[in-house]
Amino acid sequence: MGDIQMLLEMGFPKEKAEYAMKVTNYKGVEPAMEWLLAHVDEDIPGDVTGNTVGTSDANNAANTDNESGQAETPAAETATSSSAISQAPEAKSLKCEDCGKLCKDQGELEFHAAKTGHKNFSESTEEKKPLTEEEKKRQLALIEEKLKQKRLEREEREKADAMERERNRIKSGKDMTEARKRLEELEMKKLVEQRKKEKAEEKAARERVKAQIEADKARRKLSQQPQIMTPTASQGFQSVTSTTPAEPSIKTPSKEYTQTRIQVRLQDGSTLTETFNVKEQLSAVRVFIQMKTENDEPFGLMTTFPRKVFTVEDYDKPLDILGLVPSAVLIMTKANVA
């Protein structure tokens, strides 16, 4: 219905617009307009508009046959009827009483009424003159200008939609880049904190070992002294021995680890290092390797000292049960390594 309304706005009669849309299989305004311009002086076939003239002739013929047996009318009455019919003016157009515009048919009248809002119309004996060649050219130029304007508007709209899609794509790309950057910063911060913690633990371990070595040296020195000593020496011995009971305080009980540091040697020779909770399963290490290497192929894990190839059941066991605490080195192997 919108296409027919557009043709009406261009000045084409309603019947011709509907017939043009039907002839062009409702393919759009442009094919219908081209057909109308090519057949501007042609009338619509009778099977579309309805052959009212033929129907009237048929009805008149039927009435003549039906009345053949009846009495003939008087000659004076027949002459009067013929004179009245001949004197009745023939309506050749429809006229708008509000603005004086002549409309060729009912479709054009309805379009004029819808466009202007006028309501007063009457039949007129004036015949609407067909368009001259100059008027046809002007109308065709106006139609082409309207089509060009609509085409430009459509192109501008498509261009604006394309620009909006491109802006959305760039924005989503920026958001993804920023998210990836934040993730990398968090991972770097976590790695720095983990290295600081490892250095602190290593320093504490060195201090404990150093204290243990000093205690061993003192104990060996006391064992090498002679049994007979002067009182002064014995007092010195007592003073020395009095410090020995403090030796057990240097030894620290075994630490209850909550985290373990796992180093993974990949098949290409590179390594990955990450800290895990001792209660995490070995499958967590496997998932970590898959995420970092983006490797979907099956692989296995093993240790060398002592040599142990982890089975499917081992992946469901915690790291502390598997003896991978406080640190361990795992080697990435092919899935069929026994």
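Every value quoted in this text rests on a predicted model; they were computed, and no experiment measured them. (Residues numbered from 1 in each chain as written. Predicted model: local features only at pLDDT ≥ 70, side-chain atom pairs only at ≥ 80, totals over all residues. Heavy atoms only, no water.)

Caption draft 1: Seen up close, the overall build of the protein chain. A count of helical and extended segments in the protein chain gives 11 helices and 8 strands. Buried positions account for 20% of the 338 residues belonging to the protein chain. Of the contacts made within the protein chain by residues no fewer than 6 positions apart, 57% connect residues no fewer than 24 positions apart. Surface summary for the protein chain: the accessible area is close to 25200 Å², and the carbon and sulfur share equals 53%. (Helix = DSSP H or I, 4+ residues; strand = E, 2+ residues; numbered from the N terminus. Buried < 20%, exposed > 50% of the residue type's maximum accessible area, 1.4 Å probe, protein only. Contact = heavy atoms within 4.5 Å. Areas by Shrake-Rupley, 256 points an atom, 1.4 Å probe, with all protein chains shown as cover.)

Caption draft 2: Representation of the packing of aromatic side chains within the structure. Considering all chains together, one arrives at 2 aromatic pairs under this definition. Residues Tyr 19 and Trp 35 carry aromatic rings whose centres are separated by 5.4 Å and whose planes lie at 65° to one another, so their mutual orientation is edge-to-face. Residue Tyr 19 is located in helix H2 (residues 14–23), and its partner Trp 35 is located in helix H3 (residues 29–38); the two are separated by 16 residues in the primary sequence. Stacked on the ring of Phe 299, the Lys or Arg Arg 286 has its end atom at 4.5 Å from the ring centre. The ring of Tyr 315 has Arg 286 lying over it, and the distance from NZ or CZ to the ring centre is 5.1 Å. (Phe/Tyr/Trp six-rings, centres within 6.5 Å; stacked < 30°, edge-to-face > 60°. Lys NZ or Arg CZ within 6 Å of the ring centre and 35° of its normal.)

Caption draft 3: Highlighting helix H1 (residues 2–9). All buried positions along H1 are accounted for by Ile 4, Leu 7 and Leu 8. In an axial view of H1, the angular spread of the buried residues amounts to 100°, which keeps them on one side of the axis. Buried-residue contacts for H1 involve H2, H3 and helix H7 (106–116). (Arc of directions from axis to C-beta.)

Caption draft 4: Layout of the nonpolar core. Ranked by internal contacts, the top residues of the largest apolar core, which has 19 residues, are Ile 262, Leu 282, Val 285, Ile 289, Leu 301, Leu 324 and Leu 330. Every residue in contact with Leu 324, bar those within four places of it in the chain, is listed here: Thr 260, Ile 262, Leu 282, Thr 303, Phe 310, Leu 319 and Leu 330. With 15 residues, the next largest nonpolar core counts Ile 4, Phe 12, Met 21 and Met 33 among its residues. (Core = buried A, V, L, I, M, F, W, Y, C linked by side-chain atoms within 4.5 Å.)

Caption draft 5: Representation of the packing of H2 against H3 in the model. One way to put it is that H2 packs onto H3 with a least axis distance of 9 Å and a crossing angle of 115°. Helix-helix and strand crossings are classified by hand; for H2 and H3 the assignment is right-handed. Counted together, Lys 16, Ala 17, Tyr 19, Ala 20, Met 21 and Val 23 of H2 and Ala 32, Trp 35 and Leu 36 of H3 form the full contact between these two elements. (Axes fitted to C-alpha atoms, helices over the stretch in contact; angles between N-to-C directions. Left-handed = near helix turned anticlockwise from the far one by under 90°.)

Caption draft 6: Spatial organisation of the side chain of Arg 286. The topology assignment puts Arg 286 in helix H11 (residues 282–293). For the buried residue Arg 286, which engages in no salt bridge, the nearest side chain bearing the opposite charge is Asp 316, 9.9 Å off. Ignoring any residue separated from it by four or fewer positions in sequence, one finds Arg 286 in contact with Pro 298, Phe 299 and Tyr 315. (Lys, Arg positive; Asp, Glu negative; His and termini not counted. Salt bridge = Lys/Arg side-chain N within 4 Å of Asp/Glu carboxyl O.)

Caption draft 7: Highlighting the side chain of Thr 333. With respect to the secondary-structure elements, Thr 333 resides in strand S8 (residues 327–334). A residue is classified by how much of its surface remains accessible, and Thr 333, at 10% relative accessible area, is buried. Once residues lying within four places of it in the same chain are set aside, the contact partners of Thr 333 are Gln 267, Phe 299, Gly 300, Leu 301 and Met 302.

Caption draft 8: View of the pattern of salt bridges. Under the defined criterion, the tally for this structure stands at 10 salt bridges. One salt bridge in this structure joins Glu 30 and Arg 151, with 3.8 Å as the shortest N-O distance. Here Arg 151 lies in helix H8 (residues 133–223) and Glu 30 lies in helix H3, a separation of 121 residues in the sequence. According to the relative accessible area criterion, Arg 151 is partly exposed, its value standing at 32%. The salt bridge partner of Glu 274 is Lys 190, with a shortest N-O separation of 3.5 Å. One end of the pair, Glu 274, is in strand S5 (residues 271–277); the other, Lys 190, is in helix H8, with 84 residues separating them in the sequence. Note on Lys 190: relative accessible area 51%, which makes it exposed.

Caption draft 9: The sheet that holds strand S1 (residues 93–96), seen in detail. Spatial ordering of the open sheet is given by S2-S1-S3, a layout of 3 strands whose pairing is antiparallel. The sheet terminates laterally at strand S2 (102–103) and strand S3 (121–124), the two strands that pair on one side only. Examined bridge by bridge, S1 and S2 share 2 bridges and lie antiparallel to one another. Residue pairing for S2: Leu 94 is matched across the bridge by Cys 103. (Pairing = 2+ DSSP bridges.)

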